[in-house]
Every structure is written in C-alpha cells, then in structure tokens.
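# Examination of the molecular architecture
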Amino acid sequence: MSANVNEFDAIVLGAGAMGSAAAYYLTQARQRVLLLEQFELDHQKGSSHGPSRVIRYSYDNPIYVNLMRDAYPLWFALQEAAGEQLYFKTGGIDFGLPSEPTMQNLKASLKQTNLPHDRLSTHEAQKLFPQFRFDEGMEAIYQEDTGFLAASRCVLTHIRLAQASGATVLDQTPVMRIGVKGDRVEVQTARGKYGGDRLIVTAGSWAKRILAEQGIDLPLRVMPCQLAFFEPDNPTDYEPGRFPVFIAHLNADYGESPYGIPTYQGSGVKITPFYGWKTVSDPSEVDYTPDLEWIERLREFPRRYIPGANGKLVSTRRCLYTVTPDKHFVIDRHPNYPQIVISAGFSGHGFKFSTLVGKILMELAIAGKTDHDVSLFKLSRF
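## Overview of unusual backbone geometry
Positive phi is not limited to glycine here, since D42 has a value of about 60°. Looking at the element boundaries, D42 is found in the loop between β2 (33–36) and β3 (53–55). Judged by its relative accessible area of 21%, D42 is partly exposed. Its identity as a non-glycine residue notwithstanding, Q265 has a phi of 55°, on the positive side. Take Q265: it is sitting in the loop between β15 (258–261) and β16 (269–273).

Structure, rendered in structure tokens:
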C-alpha cells in the first residue's frame, strides 16, 4: 500500500440504514471505521429517509420472524444508548380474505414460530379498530408488538453514535474506484485514496453498478415507489396508540398488499402498496417527480377501507426499493475476496432489520461468520 493512503480497519460504502448500522457496530468492536456517503447524510434519493418505517414480527417466513426476535432487543439497546425514542409501539393488523395465499402463509409461519398473536373476526377487528371498514368474510391477525421506527432518526443515531466512538464519516464523497490489494482493499474517491482491511458494501440501489466492477452481477432492479401521507378527518384517532400499522392482503384487487402507518408529528397517515411500480436497471434512470394521478388511484383504498383517512394529501415523494427476483435480501461475503462483505437488495422490507444487519455485517467482516441465520440471503442462489 502506498504511504499516502489513509488507513482504516474497515470501510463502509453507503451511509443509509444498513451502512450506518454497520459503522456503529464496527466501532463497538473497536475498529477504526471510515463511512463514505456519495450524497449528504439522510438524503432523499435512496431508501432510508423519512419519518417512519414498519417494524413487525409478523412475517410469512419463519427465518424473518426469528431474525426479528434478534432485532427487537438491538433496537431497544440502541434507544437506551441514544437516549431517545426510536421505536413506537402501535400494534398491527394483517387483514384480508382467508383464501389469500399471503394470509395462509402468514398464519402458517406464525404457528410454526409460536409467535403470540390474535386471530380476529371482522366484528372483533372492527370493535378493536373502528377506523376500518372490512368486507364480509375477511379476517384479521393482530400482533401487539408491531409498530414503526423513526426512520431518519434511526440512521442519524447510528451515525452519531459511531462518530462518538471514533468513526470517520465523509458525506458528499462518491467512490470512483475500488481495488483489491492482496488481502486488503483500496477505495479511490475525489477526496483521496483510503485503504482498509475490510470493505462493507451497503450502497443500496447503486450496489449493482459497484459490485459489477468486482466481478459480481447481481440481478438487482431499482423500483421507484411513491409514498403518500393523507390528513385524517380526526387526527387523534389515527395517532400511535389509537391506530395500528396495517397490511391489507388484497393482492387480487390491488396487485400488491397496501400497507399503512399512523400519523406521526403531523405526517399524516402513510398509505402505499408494497410493490407494483415499474423497475429500472440503474438509479440514473429514476424520475423522482411524484405522479399525482397515481395518488387519485390510490385513494380508492382508504375510501373503501379507512374512510376517515382519505383527507387532503399532506405530502408525497418517491423513494427507491432495490429488488431481488425472490424479494429476499443479499447478505454475504464476496466469493473471491473474503475481505469484501456485501449487503444489498432489501426489496422494500429491510429497514426493520437494519440494526441487526449492521451487527451481522460487522461479524462477517471481522470473524467471517455469524450465528444469525442468513442462509436465505446467500449470493449463490442467483
């Protein structure tokens, strides 16, 4: 390595949800850490910015349920270390017809993992949450620990605590080139060259482009999704403690399950489908301009199922999902360069895992292994 290279134990590429968490846990392991971000911190061009993201145990795959059993305690510990609330418990309902495959898979997963939950009839669900209107024959599954995370604050908290433990954080610093030198890495930026024993790639929608230079062609697609926040008729009825996080298993009617989050600090009720937008191959192709016509089409859902949340549009914007073909994550070491750890393709449902993913990435980078079950997320499946 050349003498003018700035040396670190670990370099983290991307300061969104996963990268900020990785930097934090690396500093807790007493590593000298460099966290690089091509844009400003907490920027709106990627996947991690915003007032809220869902956190839940309820998943249709037992691996995710068990990972969340590991993630929740880490969020509680992060809150304590930060001295501020990041997790807001609201309870959550999944509702739809019992015949919906996603409802059937969810019930099977909850049974297999022995996750505490309540199965509610339409009448029981209506009594518990009178804001909703349910179709005849629907059922609901209630899980009390569901809630939301204050998304931008979570990212900035991980960064702040990492810096307090000695991490160097450089934003507005795009990476121009990554080189492998023996068992080390070099990262060239416009600010200079940096060297490290390990590199963790958490570049979100830019991961495909970066990893291609390292000989990995991940089948990642970028999905610009549009979020919408609506002003409810009576805001207090739609705040945490009165209104739950929800997922509506209405795939036949809406293509993908709409979901929502209570209003928080005047944000309005968040409502949007999980998927359903056209994908592109690279973020450079993304049009961030919101589609107001889409907002009017979306209103059909609250008009039918949550009529009190169908008020004026408070705000809307586009963010990015980085989607794998199976919608599962990618968490693995580079097959040829074990000093490079890869984290990508979180497919619109990864934020709730981010503090755990950061810990896993730290373990893979330092020890080359983790006790957490990441078998679903191997590169070799592609």
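## Some thoughts on the pattern of salt bridges
A complete count under the given rule lists 19 salt bridges for this structure. Of the charged contacts in the structure, one is a salt bridge between R153 and E84, with a shortest N-O distance of 3.2 Å. A residue pair is termed long-range when its members are at least 10 positions apart, and R153 in helix α5 (residues 151–164) and E84 in the loop between α2 (62–82) and β4 (87–89) qualify at 69 residues. Because the salt bridges share partners, they merge into one network encompassing E7, R184 and D197.

## A word on the nonpolar core
If you look at the biggest cluster of nonpolar residues, it comprises 59 residues, and the most contacted ones within it are W75, I200, I331, F351, F353 and F377. Among the secondary structure elements, those contributing two or more residues to this core are β1 (6–13), α1 (17–28), β2, α2, α3 (101–113), α5 and α10 (354–367). Looking at this core, the element that brings in the most residues is α2, giving 11 residues. Beyond its immediate stretch of four places on either side in the chain, I200 contacts I11, V12, L13, A22, L26, V341, L361 and A365. Ranked by size, the runner-up nonpolar core spans 45 residues in total, among them V54, L250, W277 and F301.

## As for the pairing of strand β13 (residues 221–230)
With nine of 10 residues buried, β13 lies mostly within the body of the structure. Of the pairings in the sheet, the one linking β13 to strand β17 (residues 313–323) comprises 10 bridges and is antiparallel in character. Considered in β17, the bridge of C225 is made with C319. Where β13 meets β16, three bridges bridge the pair, whose relative direction is antiparallel. Residue pairing for β16: F230 is matched across the bridge by V269.

## Remarks on the side chain of S109
If you trace the backbone, S109 turns up in helix α3. For S109, a relative accessible area of 2% translates into the label buried. Aside from chain neighbours lying at most four places away, what touches S109 is Y59, D60, N61, P62 and V65.

## Quick word on α3
Helix length check: α3 (13 residues) gives 18 Å between terminal C-alpha atoms against 18 Å at 1.5 Å per residue, within 8%. All of the buried residues along α3 are M103, L106, K107, S109, L110 and T113. Take α3 and look down its axis: the buried residues cluster within an arc of 165°, on one side only. Across α3 from its buried face, at more than 90 degrees, point the exposed residues K111 and Q112.

## A look at the pairing of strand β10 (residues 175–181)
In terms of strand pairing, β10 meets strand β11 (residues 184–189) through six bridges, oriented antiparallel. Looking at β11, one finds that I178 is bridged to V187. Where β10 folds back onto β11 in an antiparallel hairpin, the turn is made up of two residues, including G182, whose phi is positive at roughly 65°.

## A few points about the sheet that holds strand β7 (residues 139–143)
Strand order in the open sheet formed by eight strands is β6-β7-β5-β14-β15-β16-β13-β17, and the pairing between neighbours is mixed. The two strands at the open ends of the sheet, each matched to only one other strand, are β6 (118–121) and β17. Each strand of the sheet is rotated relative to its neighbour by a mean of 20°, with strand direction disregarded. Where β15 lies against β16, four bridges are found, and the strand directions are antiparallel. Bridge pairing in β16 links I261 to K270. Packed on one face of the sheet, α3 meets β5 (92–96), β6, β7 and β14 (245–249) and runs near 40° to β7.

Each value, and the rule that gives it
- Residues numbered from 1 in each chain as written.
- Predicted model: local features only at pLDDT ≥ 70, side-chain atom pairs only at ≥ 80, totals over all residues.
- Heavy atoms only, no water.
- Helix = DSSP H or I, 4+ residues; strand = E, 2+ residues; numbered from the N terminus.
- Buried < 20%, exposed > 50% of the residue type's maximum accessible area, 1.4 Å probe, protein only.
- Salt bridge = Lys/Arg side-chain N within 4 Å of Asp/Glu carboxyl O.
- Core = buried A, V, L, I, M, F, W, Y, C linked by side-chain atoms within 4.5 Å.
- Contact = heavy atoms within 4.5 Å.
- Pairing = 2+ DSSP bridges.
- Expected span 1.5 Å × (residues − 1).
- Arc of directions from axis to C-beta.
- Axes fitted to C-alpha atoms, helices over the stretch in contact; angles between N-to-C directions.

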